[in-house]
Amino acid sequence: MKHLLSTADLGRDDAIRILDIAEDMADVSLREVKKLPTLRGITVVNLFFEDSTRTRISFEAAAKRLSADVINFAAKGSSVSKGESLKDTAQTLAAMGADGIVIRHPASGAPRVLAESGWVDAGVVNAGDGTHEHPTQALLDAFTMRRRLHARADGTSASRGKDLDGVEVVIVGDVLHSRVARSNVWLLRTLGARVTFVAPPTLLPVGVGAFDARVFYDFDEALRSVHPDVVMMLRIQQERMHEAFFPNGREYARSWGLSAERFRRLPESTLVMHPGPMNRGLEISDEAADSPQSTVLEQVTNGVAVRMAVLYLTLAADRGDAS
Ligand code: NCD
């Protein structure tokens, strides 16, 4: 695998291979010395044109645990604010010896342009492009679901080699602007899970029918008819909203938020997920976010292992093959 651009590019076996390697990487993170020599001598550039806390730090931790050299590049304060293009920026970094580029960009499709333009020879990993995709988030979400749903009674994981066949996932909120929802729906369907979107009609993309997911506008009705194993709450992406998509925050929380009251109606086995950062009191209540059913912090922890697996596969394994 030379690049990771979209979860739609992954077949079932590819996805399971990444998740299984991530299991090995998670084991490394439990050791006293959390480091492997795998990417020694390799340079990874984190090229972030959009704000990020957890994704950038997570990729940095992942690369360092594999002994890569890491260069962090934030567009703010760089020549990008002087108008330097993506092409010139990427070529400058490649000229400094970047073997891998982890890119987050506000324009949907920017990572694919970088990977397929021939401007650079580096492996490209999409860390979130506009409203399009966020493949490592979907992989860490699938990893988290797989671990929790295939946990043995003694607490150890029995998830290696498994998919998510028959798992019911309800994804709630700002689907329209969410690259997390898009990457998740492709990957979850590939792994055999069933997906339901719940959102106000204004926050669903045109052509949502193409997603192979059921759609509800009413959260309570969805919970009554779907009986989800997982409820994944999405952040309201205020920064991408230039008009009013719902009346006000209170109304949104009442209809589409995972309020304390709605959360209490879920069975104890239902997982509550959120990619972060959370708008507490808007899309999710403290009760839900801080409950034992919540996987929010596990998702962050698992993100490092999943990104280690992705960096390993794109930068070290099968180097030189055409896939
Ligand atoms: C997501 C993102 O940036 O798309 N966050 C993340 O990577 N942890 C989701 C979000 O910002 O809502």
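Residues numbered from 1 in each chain as written. Predicted model: local features only at pLDDT ≥ 70, side-chain atom pairs only at ≥ 80, totals over all residues. Heavy atoms only, no water.

**Some details on the site of the ligand**
The environment of the ligand is made up of Arg-54, Thr-55, Arg-104, His-134, Gln-137, Arg-179, Val-180, Arg-235, Gln-237, Pro-275, Gly-276 and Pro-277. At 3.1 Å, a side-chain N or O of Arg-104 approaches an oxygen atom of the ligand. Between the ligand and the protein, one listed contact pairs an oxygen atom with a side-chain N or O atom of His-134 at 2.7 Å. With the chains in place, 94% of the 310 Å² that the ligand exposes on its own is no longer accessible. Breaking the shell around the ligand down by element, the ones donating at least two residues are helix H2 (54–65) and helix H6 (179–190). The residue inventory of the shell around the ligand, partitioned by class, reads three nonpolar, five polar and four charged. (Near = heavy atom within 4 Å. Polar contact = N/O pair within 3.5 Å; in protein donor to acceptor, adjacent residues only side chain to side chain. Areas by Shrake-Rupley, 256 points an atom, 1.4 Å probe, with all protein chains shown as cover. Helix = DSSP H or I, 4+ residues; strand = E, 2+ residues; numbered from the N terminus. Nonpolar A, V, L, I, M, F, W, Y, C, P; charged D, E, K, R; others polar.)

**Considering the sheet that holds strand E8 (residues 230–233)**
Taken in spatial order, the five strands of this open sheet run E7-E6-E5-E8-E9, and their pairing is parallel. With one partner strand each, in any of the chains shown, strand E7 (214–216) and strand E9 (271–273) form the two edges of the open sheet. Taking the axes of each pair of neighbouring strands and ignoring which way they run, one obtains an average angle of 20 degrees across the sheet. Here strand E5 (residues 168–172) runs beside strand E6 (residues 194–198); their pairing, made up of five bridges, is parallel. When the sheet's bridge partners are listed, Glu-168 is paired in E6 with Arg-194. Lying over the sheet, helix H7 (residues 219–226) contacts E5, E6, E7 and E8, oriented at roughly 135 degrees with respect to E7. (Pairing = 2+ DSSP bridges. Axes fitted to C-alpha atoms, helices over the stretch in contact; angles between N-to-C directions. Contact = heavy atoms within 4.5 Å.)

**So, the pairing of E8**
Of the two faces of E8, the one lined by Val-230 and Met-232 and the one lined by Val-231 and Met-233 are each fully buried. Relative to E8, E5 is paired through four bridges, and the arrangement is parallel. From the neighbouring strand, Val-169 faces E8, where its bridge partner is Val-230. Alignment of E8 against E9, held across three bridges, turns out to be parallel. From the neighbouring strand, Val-231 faces E9, where its bridge partner is Val-272. (Buried < 20%, exposed > 50% of the residue type's maximum accessible area, 1.4 Å probe, protein only.)

**Quick look at the domain arrangement of the protein chain**
Looking at the assigned domains, one finds that the protein chain contains domain 1 (7–132 + 300–315) and domain 2 (135–297). Between the C-alpha centres of domain 1 and domain 2 the distance comes to 25 Å. Contacts between domain 1 and domain 2 engage 34 residues on the former and 33 residues on the latter. In total, domain 1 and domain 2 occlude about 2800 Å² of area from one another, counting both sides; carbon and sulfur atoms represent 55% of this. (Domains from an automatic or database assignment. Buried area = accessible area lost by both parts, 1.4 Å probe.)

**Digging into the sheet that holds strand E4 (residues 123–129)**
Note on sheets: strands pair through backbone hydrogen bonds, and any given pair is parallel or antiparallel. Spatially, the four strands line up as an open sheet ordered E2-E1-E3-E4, and their pairing is parallel. The open sheet has two free edges, formed respectively by strand E2 (69–74) and E4, since each of these has just one partner strand. Across this sheet, the average inter-strand angle for adjacent strands is 15 degrees, counted without regard to direction. Of the strand pairs in this sheet, strand E1 (residues 43–48) and E2 are connected by six bridges, and their pairing is parallel. Among the inter-strand pairings, Asn-46 is bridged to a residue of E2, identified as Asn-72.

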